[in-house]
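Understanding the architecture of this molecule
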Amino acid sequence: MSLFDFNDPQVVLTWLLSLIIFLPAAGALLLCLVPGKDGWCRGFSLAVTAVVFLLTVWLALPGGQGGLPGRFNLSGDQMQNMVCYAWIPSFNIFYFLGVDGISLPLVLLTSFLSVLAMWASWPITKHVRAYCVLFLLLETGMLGVFLSLDFFLFYVFWEVMLLPMYFLIGIWGGPRREYAAIKFFLFTLVGSVMILVAMLMLYFASDLNRLTLDQLIACRVIPPLGAGSTALVTPLASSHTFNLLALAQLGQSGGSPFQQILFWSHSLSWWAFVLLFIGFVIKLPAVPVHTWLPDAHVEAPTPISMILAGVLLKMGGYGVLRICYPICPDAGYELAWFVAGLGTLSMIYGALAAMAQSDFKRLVAYSSVSHMGYVLLGIGAWSAVAGSQYDPHYWQMAMNGAMFQMIAHGLSSAGMFFLVGVVYERVHHRNLDQFGGLFARMPVYGGLSMGIFFAALGLPGLCGFIGEVFVVLGVWSYSKVLAVVAASVVILTAGYILWTIQRVYLGAEYKGPHAEALKPMSRREVAIAAPLLAFAILFGVYPQALWNYITPTVNKTVTVMANWTANVKDHSPAVQEPIQP
Amino acid sequence: MTANSNLIPSLLGLAWLLPLASFVLIVFFGPRMGKAGKHAALVATAAIATAFALSFAALVLWLLQNPLSAPNPGGHAAERVAAESAKALSGEWYALGVFGPLRIGIGYYIDSLTLAMFCMVTFVSSCIHVYSIGYMHEELSEVVDPLAPLANGQPLRRRGRFCRFFQYLSLFCFSMLGLVLAGNVAMVFVFWELVGICSYLLIGFYRERTSASNAGNKAFIVNRVGDFGMIIGMMALWTGMGTLSFGDYRAVDTAGHRVTLPGIFSQVRPAETKHQLQVPDGMVKLASRPQIERIVLAHRRDTRTATAAIAGQLRGWRSQGLGYGLLVVAGLGIFCGCVGKSAQFPLHLWLPDAMEGPTPVSALIHAATMVAAGVYLVGRFYPVFTPEVLLVVAIVGCITLFLAASIALTATDIKRVLAYSTVSQLGYMMLALGLGGWLAGILHLFTHACFKSLLFLCSGSVIHACGTNEMPRMGGLLKKMPYTAITMLVGCLAIAGAGVPLLAVGFSGFYSKDLIVAQALSFRASNPPFGGLFFYVAVIGAGMTACYIFRMWYLTFAGEPRDEHIHHHAHESPKVMTVPLVILATLSVVAAWNLFGTGYGLQPLLEQARPVEQSIAHGVFLPGVTMPFEHEAHVPQIHTPAELVAFLAALIGFVLATAFYGVRKWDPEDARRTFAGIHRFLVHKWWFDELYSFALVRPVLRISGWVAACDQRGIDWLIDHLAISVAAVARFDDWFDRLFVDRLVNLVAQWTYAVGLRLRRLQTGNVRQYVMWLAVGTVMLFVVMSLYWNLALAAGM
């Protein structure tokens, strides 16, 4: 099979996905090699992010099977557009990529926010070339995380993303940037180590011999029959695997190899879940491992805050959704109360902490903690149990809501950080008590801010509402108490958002320094904020635009786990189905 | 379905979307519409007026399809069951989310109540739009706002925001109509929040004033407290019934069959029970989860037998009362939302503050439409409410009615008197609904919308002329502003319920208030021990209403002018403001009348939408409570005494107001001194603001401070100190390394070196000496080895 045989759809797909991931990295390399002025570097980077965005849009265009390669099949609930090549065969490590309804919206969000954040980087004047190089590397890491289906590859991208972020905060940040950068780095690294340990645990416990031929083909451990005769079954180096789909199949089977007791009478699956969960939840972030976030946000430059809140936090949710639950449903079931409770705690805690802040950016950062709590709550609401006759629908609703909330929060929080940046750039302070009257001085800015802040407040007609309300409505079936506590957050959210609006935008006059610098927004700034608001309105009014992508996959994920509860969890080992060789 | 019945939703849908179109147009092109955005008012007014025309056309269509039955006040409940159930159009335009059988969408539920609300809202809105053109005209040029002082003491000068006002007004109309049209609870909630945000924006229209932005925040946040309850109610409904839509939903299932998914109403009042209240299956199952779990686990592999076993148990569980609590929670939750929106006790205190907004806003949002939405929703949700919930509704309404009326007696700000009056009248509606008087409550909603918007607009006209809200600075304006004074008098008579008892002729308020008082009396008759309280409060409230409303009128228009300067500058408002006043005044008189010689009128129209009453209206938790049928209140034994007592109470109130403020027979100062304690209590509004600030707001802020401190001084302290201790360990390690490890290594090296130096002396170059050492060494080796060998052998033995 030639890599340049463009008549082969598989080859086109390989190029498409690889370009999406590695085009930014190639751009970064080029920037390193070719000299150029600052303006050229920015323009070039923006062009690269724009091209990547267009490529991801192609990936999202609806199309059936047998259509043009790379188009998304909306009715499919399985992984699509998979490409798989051996990378390190001796350890069964593959270059394995693909998209489904969970990863595709996040890929699009990433590429979209990258364009906006790059464009928002115009005011950065320090070491522009280095900034652009790191920014593009960061984009490669983020896209790689969402596209890779091999755990090892996933982990590599996870780490790739870490270093550029460290430098971007540590060099271009505010006064306490070193502290914030190292805090961010260490927190994430602790999480990474846990993920690494869990990954190796799962790898060495995995046994491909337990899967049927069909399953192996569905997971692309074996290439589909008839697709390229040259790539017929190559003998595998061992029966262990990093293939995320295969690991999920193994984890969900009765008598799974991950159910062996490891220690303290908990299974390997349980321990792996806990390690992975801590690793991902640091990124999400949930209380009490969230304190890197306010510092990182406050110190990071505006565009990096946008990326951090818009994309990096979603990786935590994505990891829980893609890796923790499908592979270790056992522990997910037992720890559902913990996951959902942690989500609720984060919601309340973040909202209360936000209310007490006097730094504008810190407030927005805590609001992120609060909003990402919905994601955890929605994922954890395991209501498909015997008492509900394994009815998966409410959990589906909550998990869909969680997924929607990730996108909605990606839009609204990136927007809020950008808006804070706009005013910070003018007056160089963020003290909430020293604003006021901005609506009169910057009317367009005031209008856009109202829209985006209302989206964060969860106002109907804007994207925040859909995610929150679907999560909360879905949770009652799992736990009344958590649902009620979660619902009470609407009061606190209204409180801190409205008080912020009052302190910053309303009032007779501006009370802080540099009043003369409060010029209306430039066209560039409007062009960055307006699309965010436009999408917030679109998804708020017509959420189906997003559900079409999300729902089939998420529903499938939940249904599988509901069936697992009925068939594996609630059956004594005696009646378990025999494992097929 | 006929073509006509499809036309009604389209007409109302169009009427609903027109204000949205106007909003969008004004957002983008408002400032460019004429000079300073002057024509934006025309766009908004045209949109809402057309919406009224469409709504009215829809109403006519509806009446052609569903002619009103002859007015039948003594009609029997059983007769109505067959005739009136299912007289509603429901459907869905598009889905917000679908999960298996669960779906939430944007749709409609149209019955005669919806149509009446549509006509009322669009009509009152149209009047208020026209009025606002006059009232807001100073926003066309630069505005000097003395209420928003700058740091240097100068009043603020700002650009006018004429078009923005109409932009928000249009958004509000869209949201309000959406709320009325809504086909499911989620859609109600969506528009519930949207009217809330419009209210927030319009209360804070003068956003430079701190008081205005505070009032806006207060309104929204207090409403969110109610919404919190409403979300709980929605969750209970959603999880218990699997649907939020009022009407049935017709769909095509996966197998291609047409199926009807029952809505909330048909689940709670299914046809099998002759539309009597029944806990839906889903709620019973939700409450019986432990039992179901046991059954499911017992029938492990066989879901079919498990399902059959559960179905068999369902009746038993229901008779044990399982799930009834959920129904109560659902009802109370939904009512919580209504408490917030309709400013009922204990969430009443946002509404008086909301008077910071421009007066047309107060008339439209905070009198006629949005605050009445809570009452509307109670009316809409009536079939779902259990007697326990209804009793709570009645109690809340009763407290509110008395509390607000008492505060209105002492308020001096003309708009605040009206605001408390609104709260009090909303309390009346809730009281009526809670006591089983569906028509009484809903009718009062409509009549109140007419006369209260009229009263507010009149007060706006006065404020426009005087430049102040304070009644002590007005007085003697009757001659200066005859139109305003007369129309306001009509409004006062209407709210006081003026009419001729026994002949049943009167102002619109007369009919609705009579119905309410009669219902309270009827409730007393069927629940002797405590039921009388509601009746007494309703009667006392009628007296207080007459007293405070005429006090307001006298203070404003009668007597001598108390502020010469203000009186001198006062003038009648322009036509664009007085014409709406006259229209609304006419409506305040005739709103509850039937058309001459026909059975057509508001009452029979609303009667058509009446939900089916329960034949046995005892609660499960409170078996002693009986909800009387509404038609029982129409019998003369109840209606006549109620009518007379209410009339008498209002008359006493009127006489008191006249004696104190009209003819000044008695001096109000005397009364104030005599009851100084009570007066202080009322002027401070029962100290509710202080109580909430002390008991709720400050604790929350304190806790949030603690949380933030916990982050910075707790978790971060821990993390930082962890890092510091790791660094300390590293430093110790470094020190240890240098002091011990390195030194040891160095020591070994030095020692080796020293040994080497010593050994060097052995290297003499003397061959004989070498040979001798060789020999000695070999011998020594043998000796050692043989010793070791022997030892090893000995050990081996």
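Look up a bit, the structure's there.
Here's a quick rundown of the structure. Treat the numbers as computed from the prediction; the structure is a model and nothing was measured.

What follows deals with the packing of helix H10 (residues 292-299) of chain A against helix H14 (residues 360-380) of chain A. Residue and element names in this part refer to chain A. Following both chains from N to C, one finds H10 and H14 inclined at 140 degrees, their axes separated by 9 Å at the closest point. Put simply, H10 runs oblique to H14. Of the two elements, H10 crosses H14, and the hand of that crossing is right-handed. Residues Leu 293, Pro 294, His 297 and Val 298 of H10 touch H14, and the partners they reach there are Lys 361, Arg 362, Ala 365, Tyr 366, Ser 368 and Val 369.

Taken together, the 50 residues of chain A in the interface contact 52 residues of chain B. Contributions of two or more residues to the side of chain A that touches chain B are made by helix H13 (336-355), helix H15 (393-427), helix H16 (438-441), helix H18 (463-475), helix H19 (480-504) and helix H21 (544-569) of chain A. Among the elements that line the side of chain A that touches chain B, the one with the most residues is H19 of chain A, at 11 residues. Of the residues in the side of chain A that touches chain B, the class split is 32 nonpolar, 16 polar and two charged.

Attention now moves to the packing of helix H3 (residues 103-119) of chain A against helix H4 (residues 128-147) of chain A. Residue and element names in this part refer to chain A. Here H3 crosses H4 at 170 degrees, and the two axes come no closer than 9 Å. In terms of axis orientation, H3 runs roughly antiparallel to H4. Between H3 and H4, the residues in contact are Ser 103, Leu 106, Val 107, Thr 110, Ser 111, Ser 114 and Met 118 and Phe 135, Glu 139, Met 142, Leu 143, Phe 146 and Leu 147, respectively. Class assignment of the residues belonging to the contact of H3 with H4 gives a composition of eight nonpolar, four polar and one charged.

Time to look at unusual backbone geometry. Note: most residues except glycine have negative phi, and most peptide bonds are trans. Following Leu 284 of chain A, the chain continues into Pro 285 of chain A via a peptide bond in cis, with omega recorded as -10 degrees. Looking at the secondary structure, you find Pro 285 of chain A in the loop between helix H9 (268-283) and H10. In the segment running from Phe 345 of chain B into Pro 346 of chain B, the intervening peptide bond is cis, with an omega of 5 degrees. By secondary structure assignment, the location of Pro 346 of chain B is in the loop between helix H12 (324-341) and helix H13 (350-353). For Lys 685 of chain B, which is not glycine, the phi dihedral falls at a positive 55 degrees.

All names here are of chain A. Structurally, Gly 310 can be placed in helix H11 (residues 302-327). When the C-alpha atoms of Gly 310 and Trp 564 are compared, they prove to be 33 Å apart, with 254 residues separating the residues in sequence. If we ignore the near neighbours within four places in the chain, the residues touching Gly 310 are Leu 109, Leu 113, Gly 410, Ser 413 and Ala 414.

Definitions and limits used
Residues numbered from 1 in each chain as written. Chains lettered and ligands numbered in written order. Predicted model: local features only at pLDDT ≥ 70, side-chain atom pairs only at ≥ 80, totals over all residues. Axes fitted to C-alpha atoms, helices over the stretch in contact; angles between N-to-C directions. Helix = DSSP H or I, 4+ residues; strand = E, 2+ residues; numbered from the N terminus. Parallel < 35°, antiparallel > 145°, perpendicular 65-115°, else oblique. Left-handed = near helix turned anticlockwise from the far one by under 90°. Contact = placed C-beta atoms within 7 Å. Nonpolar A, V, L, I, M, F, W, Y, C, P; charged D, E, K, R; others polar.

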